[in-house]
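# Summary of the model geometry
Residue strings, one per chain:
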Amino acid sequence: MDSPRNLKSSRIIEICRLCPVIPVLEVEQIEQATPLAQALIAGRLRVLEVTLRTDCALSAISEMSRVPNAIVGAGTLRTPEDVRAAKQAGASFGVSPGATDRLLDACEETGLPLLPGAASASEVMTLLEKGYTAQKFFPAEASGGRAALRSFGGPLPLVKFCPTGGITPEKATHYLELGNVMCVGGSWIAPTSLLRSGNWAEIETRARHASQLGGQASC
Ligand code: 3PG
């Protein structure tokens, strides 16, 4: 049973615990959306974050959500308008680089489970006070990396993190050893170069490798 403090994050915690890595995706052409999702799922990564940084991002979320087993979220949520558009497109969850009251309110109003970003102890505490026990640690490497997260674990043991930003497969392994890390996020699995060349086989290979990091049973 969730404690009241955990209620706002209960669904996002379930999602974050499904796979050790959430691929952070920038879909430039809508034709990339379905084969990309299929390649990632074939590689055993099913929790996918599509960033709202391209013109077709919302359409991509809708298309990718129709691929069997995909759990597709919207990343780079910055405004209440982003939240409403993501929800309408069919996003199952949202991810934001930081957090504002307006953004948090919009997610609560629309019922979109949110993984809000934090980079300092004060930001982590502010979100915790509002009931967010799962947070994105961003930008992870630039904000102190693994050492910073390990330090948060002492005074702030209730908070679980998805570090994102500057993470490589090698670094991911070390983050996943920490007790307060649920999963990591990163763009290395499906970078723009591989999407542009349509190299779905390489994306599937990278996804399969990522799905085995941390020794977790993958989804
Ligand atoms: C992002 O939102 O851009 C993520 O932090 C991805 O960072 P990465 O490209 O360093 O993996």
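Before going into details, it helps to say that this report is about the structure given with it. (Residues numbered from 1 in each chain as written. Predicted model: local features only at pLDDT ≥ 70, side-chain atom pairs only at ≥ 80, totals over all residues. Heavy atoms only, no water.)

### Regarding the environment of R208
Relative to the elements of secondary structure, R208 occurs in helix 10 (residues 200-211). The spatial distance from the C-alpha of R208 to the C-alpha of R44 is 5.8 Å, given a sequence separation of 164 residues. If we skip the residues at most four places from it in the chain, R208 touches A42 and G43. (Helix = DSSP H or I, 4+ residues; strand = E, 2+ residues; numbered from the N terminus. Contact = heavy atoms within 4.5 Å.)

### What about the sheet that holds strand 5 (residues 114-115)?
What links the strands of a sheet is backbone hydrogen bonding, and the strands pair in either a parallel or an antiparallel sense. Strand order across the open sheet formed by six strands is 5-4-3-2-1-9, with parallel pairing between neighbours. Whereas interior strands pair on both sides, the edge strands pair on one side only; in this sheet they are strand 5 and strand 9 (184-186). (Pairing = 2+ DSSP bridges.)

### Examining the site of the ligand
Around the ligand sit R53, K136, F138, T164, G165, G166, G186 and S187, and those are all the residues in its vicinity. In the model, an oxygen atom of the ligand is placed 2.6 Å from a nitrogen or oxygen of the R53 side chain. Separating an oxygen atom of the ligand from a side-chain N or O atom of S187 is a distance of 2.6 Å. Considering the ligand on its own, with 310 Å² of exposed area, one finds that the protein chains cover 77% of that surface. In terms of residue class, the shell around the ligand is built from one nonpolar, five polar and two charged. (Near = heavy atom within 4 Å. Polar contact = N/O pair within 3.5 Å; in protein donor to acceptor, adjacent residues only side chain to side chain. Areas by Shrake-Rupley, 256 points an atom, 1.4 Å probe, with all protein chains shown as cover. Nonpolar A, V, L, I, M, F, W, Y, C, P; charged D, E, K, R; others polar.)

### Considerations on unusual backbone geometry
Cis geometry marks the peptide bond from F138 to P139; its omega dihedral reads -10 degrees. A positive phi angle is found at R44, which is not glycine, with a value near 75 degrees. Structurally, R44 can be placed in the loop between helix 2 (33-42) and strand 2 (47-51). For R44, a relative accessible area of 42% puts it in the partly exposed group. The phi dihedral of N69 falls on the positive side, at around 75 degrees, and the residue is not glycine. As for its position among the elements, N69 is in the loop between helix 3 (57-65) and strand 3 (71-75). (Buried < 20%, exposed > 50% of the residue type's maximum accessible area, 1.4 Å probe, protein only.)

### Considering the packing of helix 2 against helix 10
Following both chains from N to C, one finds helix 2 and helix 10 inclined at 35 degrees, their axes separated by 7 Å at the closest point. For the crossing formed where helix 2 meets helix 10, the hand is right-handed. For the pair helix 2 and helix 10, contact is made by P35, L36, A39, L40 and A42 and by W200, I203, E204, A207 and R208, respectively. The class makeup of the residues in the contact of helix 2 with helix 10 is eight nonpolar, no polar and two charged. (Axes fitted to C-alpha atoms, helices over the stretch in contact; angles between N-to-C directions. Left-handed = near helix turned anticlockwise from the far one by under 90°.)

### A few points about the packing of aromatic side chains
Summed over all chains, the structure comprises three aromatic pairs. For the ring pair F137 and F152, a centre distance of 5.7 Å and an interplane angle of 85 degrees mean the geometry is edge-to-face. Pair noted here: F137 is in strand 7 (residues 134-137) and F152 is in helix 7 (residues 145-153), with a separation of 15 residues, a long-range link. For F137, a relative accessible area of 0% gives the class buried. For F152, a relative accessible area of 10% translates into the label buried. Here F137 and F161 contribute two aromatic rings whose centre-to-centre distance is 6.3 Å and whose plane-to-plane angle is 70 degrees, an arrangement assigned as edge-to-face. Here F137 is found in strand 7, whereas its partner F161 is found in strand 8 (residues 160-163), with 24 residues between them in sequence. This pair shows no difference in class: F137 is buried, exactly as F161 is. By way of ring pairs, the aromatic residues F137, F152 and F161 are connected into one cluster. When the ring centre of F138 is taken as reference, the NZ or CZ atom of K136 above it lies at 4.6 Å. (Phe/Tyr/Trp six-rings, centres within 6.5 Å; stacked < 30°, edge-to-face > 60°. Lys NZ or Arg CZ within 6 Å of the ring centre and 35° of its normal.)

### What about the packing of helix 4 (residues 80-89) against helix 5 (residues 101-110)?
Axis separation between helix 4 and helix 5 bottoms out at 8 Å; the angle between their running directions is 25 degrees. As judged from the angle between their axes, helix 4 and helix 5 are roughly parallel. Handedness of the helix 4/helix 5 crossing: right-handed. Of the residues in helix 5, those in contact with P80, E81, V83, R84 and K87 of helix 4 are R102, L103, A106, C107 and T110. (Parallel < 35°, antiparallel > 145°, perpendicular 65-115°, else oblique.)

Note that every value here comes from positions in space, so none of it alone points to a role or purpose.
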